[in-house]
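For reference, the chains in residue letters:
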Amino acid sequence: MAAHVAGATTIVAVDVDAGRIELARDLGATHLVNPDQVEDLTGALRAVDERGLEYVLDTSGRAENLDAGVGALAPLGRFGFVAFHEGAGAMIDAGRLTLGQSLQGIIQGDAVSSLLINDLAQLYRAGRFPIDRLLSFYDFADINTAFEDAGSGRVTKAILRFTSPG
């Protein structure tokens, strides 16, 4: 969705969940890849553009996605990641970045929050950033279900609702 709003013309969505893949298509993805349905994820990504991809953004934190994403980069391409954590086992041989590619960790969108929130709100009001399609709401009493659904990938963003007593 953000890549589409930013004007990207080639947007590749990678996911194992058919519902999320279809949502990605609805929100602007031009190419869809389910890693469970391809033998070689790097090859599937490079098939989109044989030169390689200029940008790869990983939000999964899966070690195999780091390897596939770096392998799919074009010369001078950039790989951004937001979810790798200690113990994920994600490692890269620095020799794979010899064509000027780079890795960048991203926190909170690498943005100035006060500007970004305003911009996103304006895009949402204009119908160009339908973030509500990513949200699922839960009453606070259903907090365990919200965590389970978010952890399993059944929902993209679980939001808890608090109700006031009385």
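Thresholds applied
- Residues numbered from 1 in each chain as written.
- Predicted model: local features only at pLDDT ≥ 70, side-chain atom pairs only at ≥ 80, totals over all residues.
- Heavy atoms only, no water.
- Pairing = 2+ DSSP bridges.
- Helix = DSSP H or I, 4+ residues; strand = E, 2+ residues; numbered from the N terminus.
- Axes fitted to C-alpha atoms, helices over the stretch in contact; angles between N-to-C directions.
- Phe/Tyr/Trp six-rings, centres within 6.5 Å; stacked < 30°, edge-to-face > 60°.
- Buried < 20%, exposed > 50% of the residue type's maximum accessible area, 1.4 Å probe, protein only.
- Expected span 1.5 Å × (residues − 1).
- Polar contact = N/O pair within 3.5 Å; in protein donor to acceptor, adjacent residues only side chain to side chain.
- Contact = heavy atoms within 4.5 Å.

Draft legend 1. Region of the structure containing the sheet that holds strand β3 (residues 53-58). Across the sheet, three strands lie side by side as β3-β4-β5; this open sheet has parallel pairing. Two strands bound the open sheet, and with one partner strand each, they are β3 and β5 (102-105). Neighbour-to-neighbour, the strand axes of the sheet open up by a mean angle of 15°, direction not taken into account. By the bridge criterion, five bridges tie β3 to strand β4 (residues 73-81) in an arrangement that is parallel.

Draft legend 2. Representation of the packing of aromatic side chains in the model. Per the counting criterion, the structure on display carries two aromatic pairs. For the pair F79 and F81, a centre-to-centre distance of 6.4 Å together with 45° between the ring planes defines the contact as tilted. Classification of F79 by relative accessible area gives buried; the value is 1%. Arranged with centres 4.8 Å apart and planes meeting at 25°, the rings of F140 and F162 form a pair that is stacked. Of the two residues, F140 is situated in the loop between β6 (135-139) and α6 (143-152) and F162 in the segment after β7 (157-161); the sequence distance between them amounts to 22 residues. The class for F162 is exposed, based on a relative accessible area of 62%.

Draft legend 3. Looking closely at helix α5 (residues 113-125). The end-to-end C-alpha distance of α5, which contains 13 residues, comes to 18 Å, matching closely the 18 Å that a straight helix rising 1.5 Å per residue would cover. Phi turns positive, to about 80°, at G127, one or two residues after α5.

Draft legend 4. View of the side chain of Q101. Following the sequence through the fold, Q101 ends up in the loop between β4 and β5. Here the side chain of Q101 touches L99 through a polar contact of 3.0 Å, landing on its backbone nitrogen. Beyond its immediate sequence surroundings of up to four residues, Q101 is in contact with L73, A74, P75, L76, G77 and R96.

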